[in-house]
Amino acid sequence: MKDLLSIVSHFQMQGTVREIKPLGSGLINDTYKVTTVEADAPDYVLQRINHAIFQNVEMLQSNIEAVTGHIRKKLEEKGEADVERKVLHFIPTAEGKTYWYDGENYWRIMTFIPRAKTYETVNPEYSYYAGTAFGNFQAMLADIPDTLGETIPDFHNMEFRLKQLRDAVAADAAGRVQEVRYFLDEIEKRADEMCKAERLFREGKLPKRVCHCDTKVNNMMFDEDGTVLCVIDLDTVMPNFVCSDVGDFLRSAANTAPEDEPDLDKIAFRMDVFRSFIRGYLESARCFLTDQEIALLSFSAMLFPYMQAVRFLTDYINGDTYYQIQYPTHNCVRAKAQFDFYQKVRAKRDEMEAYIASLLK
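Presented here is a report on the structure given in the accompanying data block. Throughout this document, residue positions are counted from 1 along each chain, in the order its sequence is written. Where totals are concerned, whole chains, interfaces and linings use all residues; where local detail is concerned, this predicted model gives features only for residues with pLDDT of at least 70, and gives and counts side-chain atom pairs only at 80 or more. Hydrogens and waters are ignored; side-chain quantities use all the structure's heavy atoms.

### Section: the pairing of strand E5 (residues 106–111)
- Three exposure classes are used, based on accessible area relative to the maximum for each residue type with a 1.4 Å probe and protein chains only: buried under 20%, partly exposed in between, and exposed over 50%. Helix numbering and strand numbering both begin at the N terminus, where a helix is a DSSP run of H or I of at least 4 residues and a strand a DSSP run of E of at least 2. With 5 of 6 residues buried, E5 lies mostly within the body of the structure.
- For two strands to count as paired, DSSP must find a minimum of two bridges between them. With 6 bridges joining them, strand E3 (residues 44–49) and E5 adopt antiparallel strand pairing. In the sheet register, Val45 faces E5, and the bridge partner there is Met110.
- The pairing of strand E4 (residues 100–101) with E5 spans 2 bridges and is classified as antiparallel.

Okay, structure coming up:
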């Protein structure tokens, strides 16, 4: 704790530190809860930023400051009560920055939101909350004056992910290309269609918005009465297509099986989760969405399992250099499971589009 005490001393916190303990089980950043002694002082959350993933910490924090500042302004203009619990608040250092570099690692501190919790539950009810919350998040940021940077360049760029796959095939570093040749052909047959968003963007027909880009149920904070307080985990907030926030949520939430399920018969697309999420999303995002963006909502649900299949297959061909694996063919199994899920989502396309049309009447 002594080293952590030294780190928190660089931030302009209120109160005296009582203890610093690990918090949560995040896979990217190391997170701690800082408890203070005084009753009138807030508690805090201390994080070590993973700068192997987020290599431009200055840009990362600049994005977050712009987003939280804009949301705070919107909430205050609406006369919202309890604003401090509805938007993240980062504590500056003596130099006025929202991060501290100790010579090896980057650290940041935000105010701990009291009487709030997250859920891991994925069902129609929580999917509706997620759709509403992430749609509202995009809506509040639709008129943000700041230009945000890409914290992970080309994170959800389908053309880029296919280029990575083709480069892997050309190198064939692990000698696995022949083994997955049929699968590669299936991927390539659909490649042109799945790069539709990038083409529309180049043609000036599809805008980029400020998106969350990691839309999981547990990235929302709930009040004790079950209402959504705010969206959290803002590291991946950056310009992207609205497809990102819709498709990313549905890829995991609307699948009846884990992403690495070897038994393809267990994989199905949950239309009840799709309907709930889309209903909530359109209720809060309809105010700014273009007709073109709405037309891509069912495409979004197909895009993300396809993209993930491409990423897993790329890693398998490269010799498993990116994703952690539990057994030698794990990435290949993952790729096949995601591709199967993509096909099952695709089979529901007409049903998805009919439901979206019914909501717009």
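Structure's up, so let's keep going.
### Examining unusual backbone geometry
- Look at Asp82: it is not a glycine, yet its phi comes out positive at around 60°.
- With respect to the helices and strands, the residue Asp82 is situated in the loop between helix H2 (57–77) and E4.
- Using a relative accessible area of 38% as the deciding quantity, one classes Asp82 as partly exposed.
- For Asp172, which is not glycine, the phi torsion reads 45° and is therefore positive.

### Notes on empty space enclosed by the protein
- Here a cavity denotes a set of grid points, spaced 1 Å apart and computed over the protein atoms alone, in which a 1.4 Å probe fits but from which it cannot get out, and a pocket denotes an open set meeting protein on both sides within 12 Å along at least five of seven lines; residues with an atom within 4 Å of a point are reported as lining. Grid points are joined across faces, edges and corners, and a volume is the space filled by probe spheres set on the points. Taken as a whole and assessed by the stated rule, the structure comprises 1 cavity of 30 Å³ or more.
- Quantified by volume, the largest cavity comes out at close to 50 Å³.
- If you trace the largest cavity, you find it lined by His156, Met158, Met194, Ala197, Glu198, Asn240, Phe241, Cys243, Ser244, Leu303 and Phe304.
- Breaking the lining of the largest cavity down by element, the ones donating at least two residues are helix H7 (196–202), helix H8 (243–253) and helix H11 (297–318).
- As a working rule, the residues Ala, Val, Leu, Ile, Met, Phe, Trp, Tyr, Cys and Pro are called nonpolar, Asp, Glu, Lys and Arg charged, and the rest polar, with Gly in that last group. Here the lining of the largest cavity is built from residues that sort into 7 nonpolar, 3 polar and 1 charged.

### What to know about H2
- Taking 1.5 Å as the rise per residue, H2 with 21 residues should run 30 Å; its terminal C-alpha atoms sit 30 Å apart, in good agreement.
- Of the residues one or two after H2, Gly79 is the one with positive phi, at around 75°. Multiplying 1.5 Å by the helix residue count minus one yields the expected span of that helix.

### Quick notes on the layout of surface pockets
- Looking at the second largest pocket, its volume works out to about 400 Å³.
- Lining the second largest pocket are 22 residues, and of these Asn136, Met140, Val228, Leu229 and Cys230 sit closest to its centre.
- When residues of the lining of the second largest pocket are traced back to their parent elements, those giving at least two are H2, helix H3 (124–141) and strand E9 (228–231).
- The element that contributes the greatest number of residues to the lining of the second largest pocket is H3, accounting for 7 residues.
- Looking at the lining of the second largest pocket, its residues break down into 14 nonpolar, 5 polar and 3 charged.

### Observations concerning the packing of helix H5 (residues 181–189) against H11
- Axes here mean lines fitted to C-alpha atoms, for a helix over just the part in contact, with angles spanning 0 to 180 degrees between N-to-C directions. Contact geometry for H5 and H11: axes closest at 11 Å, N-to-C directions at 145°. Helix-helix and strand crossings are classified by hand; for H5 and H11 the assignment is left-handed. Between H5 and H11, the residues in contact are Phe183, Leu184 and Ile187 and Tyr306, Ala309, Val310, Leu313 and Ile317, respectively. Take the far helix as your reference; a near helix turned counterclockwise from it by less than a right angle gives a left-handed crossing, and one turned clockwise gives a right-handed crossing. For this analysis, residues touch if any pair of their heavy atoms sits within 4.5 Å.

### Some words on helix H13 (residues 349–360)
- Helix length check: H13 (12 residues) gives 17 Å between terminal C-alpha atoms against 16 Å at 1.5 Å per residue, within 8%.
- For H13, the complete set of buried residues consists of Arg349, Met352, Tyr355 and Ile356. One side of H13 holds all its buried residues, which, seen down the axis, span an arc of 130°. By arc we mean the arc of the directions from the helix axis to the C-beta atoms, nothing more.

### Considering the packing of aromatic side chains
- Pairing of aromatic rings covers Phe, Tyr and the six-membered ring of Trp, with a centre-to-centre limit of 6.5 Å; geometry is then stacked below 30 degrees between planes, edge-to-face above 60, and tilted otherwise. Counted according to the given criterion, the structure contains 18 aromatic pairs.
- Geometrically, the ring pair formed by Tyr129 and Phe222 is edge-to-face, given 5.7 Å between the ring centres and 65° between the ring planes. Pair noted here: Tyr129 is in helix H3 and Phe222 is in strand E8 (residues 220–223), with a separation of 93 residues, a long-range link.
- On the basis of relative accessibility, which here comes to 0%, the residue Phe222 falls in the buried class.
- Here Phe277 and Tyr281 contribute two aromatic rings whose centre-to-centre distance is 6.1 Å and whose plane-to-plane angle is 10°, an arrangement assigned as stacked. Taken together, the positions of Phe277 and Tyr281, both in helix H9 (residues 271–285) and 4 residues apart, correspond to about one turn of that helix.
- Relative accessible area serves as the criterion here: at 0%, Phe277 is assigned to the buried category.
- By relative accessible area, Tyr281 is classed as buried at 0%.
- Site record: aromatic cluster; members linked through ring pairs are Tyr119, Tyr126, Tyr128, Tyr129 and Phe222.
- When the ring centre of Phe112 is taken as reference, the NZ or CZ atom of Lys33 above it lies at 4.1 Å.
- Over the ring of Phe241 we find Lys208, and its NZ or CZ is 5.4 Å from the ring centre. Two conditions define a charge sitting above a ring: the NZ of Lys or the CZ of Arg must be within 6 Å of the ring centre, and it must be within 35 degrees of the ring normal.

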